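Coordinate analysis (summary)
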Amino acid sequence: MEPLVDTVIEDGRWEELDLPALATRAAEATFAGLDLRPEGFSLVVMGCDDARIAELNGTFRQKGKPTNVLSWPSEERASDEAGLAPEPPEPGEPEDPEHLGDIAIAYETCAREAAEQGKPVPDHVTHLLVHGILHLLGYDHVDEADADLMEATETRILAGLGVPDPY
């Protein structure tokens, strides 16, 4: 059986935070919070630095500056109606899981934001990982109804992990 999360570490500071454990915990909590079984799914989380995420942000979003997290869903999964949860994806087989997409997260930006907001870095990173995983599952925050749904979903999932409301 394939693991739910494959973690790629490009910046060694992520090892100190144990990004693989944080990513797995965030993914498992997200799936549980959405009543989805994680078997049959996979995703990749890459822990990088600001320079790398700025490059990715420039390439994929034409914004050549650092950001905290980026996600690339393997396919469009958004609901057709604003404010409604997207349909859950169909799982693959445990030995051939459905790949949901990829997430990149930047160390310096996450650490700086956590310090500015007075939050523990692991809590902030967990929030951003849940946020990115929800994007892979079709959630978005383009309009107000979708943003309200996504924020409420994040807050509920994080509460289950003992992480205070980030909003």
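Our structure is the block above this text.
For the structure given in this document, a descriptive report is provided here. Computed from a prediction, not measured in an experiment: that's the story for all the values here.

**A few points about the pattern of salt bridges**
In the structure shown here, the tally under the stated rule is seven salt bridges. The partner of Glu10 in a salt bridge is Arg52, with the nearest N and O atoms 3.1 Å apart. A residue pair is termed long-range when its members are at least 10 positions apart, and Glu10 in the loop between strand E1 (5-9) and helix H1 (13-17) and Arg52 in helix H3 (residues 50-61) qualify at 42 residues. Its relative accessible area of 25% is what places Arg52 among the partly exposed residues. Of the charged contacts, one joins Arg13 and Glu108 as a salt bridge, the two residues approaching to 2.9 Å between their closest N and O atoms. Highlighted residues: Arg13 in helix H1 and Glu108 in helix H4 (residues 107-117), separated in sequence by 95 residues. Among the charged side chains, a salt-bridge network with shared partners connects Glu10, Arg52 and Glu55.

**Focus on helix H5 (residues 121-136)**
The end-to-end C-alpha distance of H5, which contains 16 residues, comes to 23 Å, matching closely the 22 Å that a straight helix rising 1.5 Å per residue would cover. Two residues or fewer after H5 comes Gly138, characterised by a positive phi angle close to 105 degrees.

**A look at a negative patch on the surface**
A surface patch of negative charge is lined by Glu75, Glu76, Asp140, Asp143, Glu144, Asp148, Glu151 and Asp165. Among the structural elements, Asp143 can be located in the loop between H5 and helix H6 (144-160). Judged by relative accessible area, which is 31%, Asp143 ranks as partly exposed.

**As for the packing of H4 against H5**
Between H4 and H5, the shortest axis-to-axis distance is 9 Å and the interhelical angle comes to 115 degrees. The hand of the H4/H5 crossing is right-handed. Of the residues in H5, those in contact with Cys110, Ala111, Glu113, Ala114 and Gln117 of H4 are Val121, His124, Val125 and Leu128. Taken together, the residues of the contact of H4 with H5 break down into six nonpolar, two polar and one charged.

**Here we look at the sheet that holds E1**
With mixed pairing, the four strands of this open sheet are ordered in space as E1-E2-E4-E3. Edge strands, defined here as strands with exactly one partner in the open sheet, are E1 and strand E3 (69-73). Between one strand axis and the next, the sheet turns by 15 degrees as a mean value, whatever way the strands run. Taken strand by strand, helix H2 (residues 19-33) contacts E1, strand E2 (41-48) and strand E4 (98-106), and its axis lies near 150 degrees from that of E1. Sitting on the sheet, H5 touches E2, E3 and E4, and the angle it makes with E4 is about 145 degrees.

**So, the nonpolar core**
If you look at the biggest cluster of nonpolar residues, it comprises 36 residues, and the most contacted ones within it are Trp14, Leu43, Val45, Ile105, Val125, Leu129 and Ile133. Mapped onto this core, the elements with two or more residues apiece are H1, H2, E2, E4, H4, H5 and H6. Those residues within four positions of Val45 in sequence are excluded, and the remaining contacts are Val5, Asp6, Thr7, Val8, Leu19, Ala23, Ile103, Ile105 and Leu129. If you look at the next biggest cluster of nonpolar residues, it comprises seven residues, including Met46, Ile53, Leu56 and Leu70.

Definitions and cut-offs
As a convention, each chain's residues are numbered from 1 in the sequence order in which they are written. Per-residue local features of the predicted model are confined to residues with pLDDT of at least 70, and side-chain atom pairs are confined, for both listing and counting, to 80 or more; whole-chain, interface and lining totals are unaffected and use all residues. Where side-chain values are given, they derive from all heavy atoms of the structure, hydrogens and water being excluded. Counted as salt bridges are all cases of a side-chain nitrogen of Lys or Arg within 4 Å of a carboxyl oxygen of Asp or Glu. Counting from the N terminus, the helices are the DSSP runs of H or I reaching at least four residues and the strands are the DSSP runs of E reaching at least two. Type-normalised accessible area, obtained with a 1.4 Å probe on protein chains alone, sets the label of each residue: buried when under 20%, exposed when over 50%, and partly exposed for intermediate values. Helices are assigned an expected span. That span is 1.5 Å times one less than the residue count. Patch membership needs two things, relative accessible area over 30% and no salt bridge, and members are linked within 9 Å if like-charged or within 5 Å if nonpolar (Val, Leu, Ile, Met, Phe, Trp, Tyr). Computed with a 1.4 Å probe, the accessible areas rest on the Shrake-Rupley method; for each residue, only the protein chains presented here act as cover. Neither His nor the chain ends contribute to the count of charged residues, in which Lys and Arg are positive and Asp and Glu negative. All charge positions are set by atom: Lys at NZ, Arg at CZ, Asp at CG, Glu at CD. Throughout, an axis means a line fitted to C-alpha atoms (over the contacting stretch in the case of helices), and angles, computed between N-to-C directions, take values from 0 to 180 degrees. In this scheme the crossing of two helices becomes right-handed for a clockwise turn of the near helix relative to the far one and left-handed for an anticlockwise turn of less than a right angle. The contact rule is simple, with two residues in contact once any of their heavy atoms fall within 4.5 Å. We call Asp, Glu, Lys and Arg charged. Ala, Val, Leu, Ile, Met, Phe, Trp, Tyr, Cys and Pro are nonpolar, and the rest, Gly among them, are polar. Pairing between strands is defined by DSSP: at least two bridges between them are needed. The set of buried Ala, Val, Leu, Ile, Met, Phe, Trp, Tyr and Cys residues whose side-chain atoms join them within 4.5 Å is what this entry labels a nonpolar core.

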